[in-house]
Amino acid sequence: MTPVPQPDEHGYPYTTEWYDSLKASLGEAGCRQLGFYPIPEGFLLSVVIPIFNESKTVENLIDQVRAVPIRKELVLVDDGSTDGTREILKRLEEQSQSQEDSQNQIRVIFHEVNQGKGAAVRTGFLEAQGDVMIIQDADLEYDPSEYPRLLQPIIEGKADVVYGSRFLGDQPHRVLYYWHFLGNKFLTTLSNCFTNLNLTDMETCYKLFKKEVIKEIAPGLCQNRFGIEPEITAKVARRQCRIFEMSISYDGRTYDQGKKIGWRDGVKALWCIVRYGLKD
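Only a predicted model underlies this, so the values are computations on that prediction, with no experimental measurement involved.

> Would you explain the overall build of the protein in this entry?
Secondary structure summary: the protein contains 9 helices and 7 strands in total. Since a compact globule built from 280 residues should have a radius of gyration of about 19 Å, the 19 Å found for the protein is in line with a globular shape. By its C-alpha atoms, the protein is 55 × 45 × 35 Å across when sized along the principal axes. Taking all contacts inside the protein whose residues are at least 6 apart in sequence as the whole, residues at least 24 apart take part in 79%. Within the protein, one finds 33 positive and 40 negative side-chain charges whose respective centroids are separated by 7 Å.

> Would you take a moment to explain the environment of D280 for this structure?
Within the fold, D280 resides in the segment after α9 (263-278). Its relative accessible area of 33% is what places D280 among the partly exposed residues. Sequence-distant contacts of D280, defined by excluding residues within four places in its chain, comprise K235, R238, R239 and R275. In this structure the side chain of D280 is engaged in a polar contact, spanning 3.0 Å, whose partner is the side chain of R239.

> What's the story with unusual backbone geometry in this structure? I'm lost.
Positioned with a positive phi, Y14 is a non-glycine residue whose angle comes to about 75°. Take Y14: it is sitting in the segment before α1 (16-34). For Y14, a relative accessible area of 13% gives the class buried. Its identity is not glycine, yet N196 carries a phi of approximately 60°, on the positive side. Its location among the elements puts N196 in the loop between α6 (178-195) and β6 (207-210).

> Explanation requested: the pattern of salt bridges in the structure shown.
Pairs can form between side chains of opposite charge whenever their charged atoms are close. One pass over the structure, following the stated rule, counts 20 salt bridges. For R91, the salt bridge identified is with E59, shortest N-O distance 3.0 Å. Placement of R91 in helix α3 (residues 85-98) and of E59 in helix α2 (residues 58-66) is noted, with a sequence separation of 32 residues between them. Overall, R91 belongs to the partly exposed group, its relative accessible area being 33%.

> What is the right way to look at the environment of E229 in this model?
As for its position among the elements, E229 is in helix α8 (residues 228-238). Remark: the alpha-carbon pair of E229 and E146, spanning 83 residues in sequence, is separated by 20 Å. Among residues more than four places away in sequence, those in contact with E229 are K117, M202, E203, T204 and K207.

> Would you explain the packing of α2 against α3 in this entry?
If you want to describe how two helices pack, look at the angle between their axes and the distance between the axes. Running from amino to carboxyl end, α2 crosses α3 at an angle of 35°, the nearest separation of the two axes being 10 Å. Of α3, the residues touching α2 (which contributes V58, E59 and I62) are T85, I88, L89, R91 and L92. Taken together, the residues of the contact of α2 with α3 sort by class into 5 nonpolar, 1 polar and 2 charged.

> Mind showing me how you'd approach α1 here?
Three- or four-residue spacings in an α-helix give side chains the same orientation, since the helix completes a turn every 3.6 residues. With 19 residues, α1 ought to run about 27 Å at 1.5 Å a step, yet its terminal C-alpha atoms sit only 16 Å apart, falling short of that. Bending of α1 peaks at approximately 105° at the position of G27. Within α1 the residues assigned to the buried category are W18, Y19, L22 and C31. A positive backbone phi angle near 75° is found at G35, which sits one or two residues after α1.

> Help me understand the sheet that holds strand β3 (residues 104-111), please; the structure alone is not making it clear to me.
Backbone hydrogen bonds hold the strands of a sheet together, and the pairing may be parallel or antiparallel. Taken together, the 7 strands give an open sheet; going across it, the order is β3-β2-β1-β4-β6-β5-β7, and neighbouring strands pair in mixed fashion. This sheet does not close on itself; its edge strands, each paired only once, are β3 and β7 (243-247). Along the sheet, successive strands turn relative to each other by an average axial angle of 20°, direction set aside. Sheet topology places strand β5 (residues 161-165) next to β6; 3 bridges connect them, and they run antiparallel.

> Help me out: how do you make sense of the pairing of β5 in this one?
Both faces of the sheet carry side chains from a regular strand, because those side chains alternate between them. The element β5 is extensively covered by neighbouring structure, given that 5 of its 5 residues are classed as buried. Here β5 shows no split at all, with V161, Y163 and S165 on one side and V162 and G164 on the other all buried. Where β5 meets β7, 5 bridges bridge the pair, whose relative direction is parallel. Looking across to β7, one finds that V162 is bridged to F244.

> Which parts of the structure should I look at to understand the packing of aromatic side chains?
The tally for this structure, following the rule as stated, stands at 10 aromatic pairs. Here F125 and F209 contribute two aromatic rings whose centre-to-centre distance is 5.7 Å and whose plane-to-plane angle is 85°, an arrangement assigned as edge-to-face. Note that F125 is positioned in helix α4 (residues 117-127) and F209 in strand β6, a separation of 84 residues in sequence. For the pair shown, F125 and F209 are each scored as buried. Within the aromatic cluster, the residues linked to one another by ring pairs are Y14, W18, F36 and Y37. For K90, the ring lying beneath its charged end belongs to F110, and the centroid distance is 5.6 Å. Just above the ring of Y250 sits the side chain of R166; from NZ or CZ to the centre is 5.0 Å.

Conventions and cut-offs
- Starting afresh in each chain, residues are numbered from 1 along the sequence in its written order.
- The model is predicted, so local features are restricted to residues of pLDDT at least 70 and side-chain atom pairs to those at 80 or more, both for listing and for counting; the totals for chains, interfaces and linings are taken over all residues.
- The basis for every side-chain value is the complete set of non-hydrogen atoms in the structure, without hydrogens or water.
- The numbering of helices and of strands both runs from the N terminus, where a helix is a DSSP run of H or I of at least 4 residues and a strand a run of E of at least 2.
- Computation of the radius of gyration draws on C-alpha atoms alone. For the globule rule, the value is 2.2 Å times the number of residues to the power 0.38.
- Every residue pair with non-hydrogen atoms within 4.5 Å of one another is taken to be in contact.
- Only four residue types enter the charge count: Lys and Arg as positive, Asp and Glu as negative, with His and the chain ends excluded.
- Charged side chains are reduced to one point each, which is NZ for Lys, CZ for Arg, CG for Asp and CD for Glu.
- Throughout this description, buried means an accessible area under 20% of the type-specific maximum (1.4 Å probe, protein chains only), exposed means over 50%, and partly exposed covers the range between.
- Pairs of N or O atoms are called polar contacts if they sit within 3.5 Å, as long as, within protein, a hydrogen donor faces a hydrogen acceptor (for residues adjacent in sequence, only side-chain-to-side-chain pairs).
- Counted as salt bridges are all cases of a side-chain nitrogen of Lys or Arg within 4 Å of a carboxyl oxygen of Asp or Glu.
- What counts as an axis is a line fitted to C-alpha atoms, over the stretch in contact for a helix, and the angles between N-to-C directions run from 0 to 180 degrees.
- Three classes are used: nonpolar for Ala, Val, Leu, Ile, Met, Phe, Trp, Tyr, Cys and Pro, charged for Asp, Glu, Lys and Arg, and polar for all others, with Gly counted as polar.
- One less than the number of residues in a helix, times 1.5 Å, gives the span that helix is expected to have.
- A residue's bend is given by the angle between axes fitted to the 7 residues ending at it and the 7 residues starting at it.
- Here, any two strands with at least 2 DSSP bridges between them count as paired.
- Two rings from Phe, Tyr or Trp (for Trp, the six-membered ring) form a pair when their centres are within 6.5 Å of each other. A pair whose planes differ by under 30 degrees is stacked, one over 60 is edge-to-face, and the rest are tilted.
- Only lysine NZ and arginine CZ atoms are considered, and such an atom sits over a ring when it is within 6 Å of the ring centre and within 35 degrees of the ring normal.

So this is what it looks like as structure tokens:
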């Protein structure tokens, strides 16, 4: 496993002492421009990771999550993997229990049969206990090092929910499928019509929620596959949550590399947008 971050000359990242040290040299404006801010003592971030047949990437992804200098619990939900992923997760859980790591707790939950990403995310939300919860795919398309920047609007009391957008434009974005891009734009626009939001990326993986928001919503989530994206979006919109959107990088993978979403999921997303746009 990758060693967890260590304190530098300013202290442990995102503590009050670390922030005060940087503010003394950079000033408050400089810190804000660079995304430096203090995270309250005792804060816990839950990283909910739905996993299905990701033996090639899951260990690397978990190392990247652990390296983020924030106190976290990793809630790993294996959704009936058959490619050796389950054995990797069992080993990682055993290793974490034998190591002293105050910054990372690892919990593994197993679905005996494959149910879909939505089902795994729902299980993770119901089990997680953090102050803020984020969804993280296990395929390395999204970069965990961006957690601190995405968390800032919630930590500062401005937002209840934060979406990481692949389309706001100021972060690296791998060039891939045009029709996927067009389909995503269409689904996001249709979702906005029903929710009266102005999101640019409704289908993004990176969605962060304050604990009280997602704990209210999670027990009623119905969609077991990718339809959970428009379902969650409609439900947070209906509750008039304060939603922020921030740019993120995206290193998309091809179908040969294991991408799972297909055109049938797009059709189902259409149905979900209308269904949950009209009623919980």
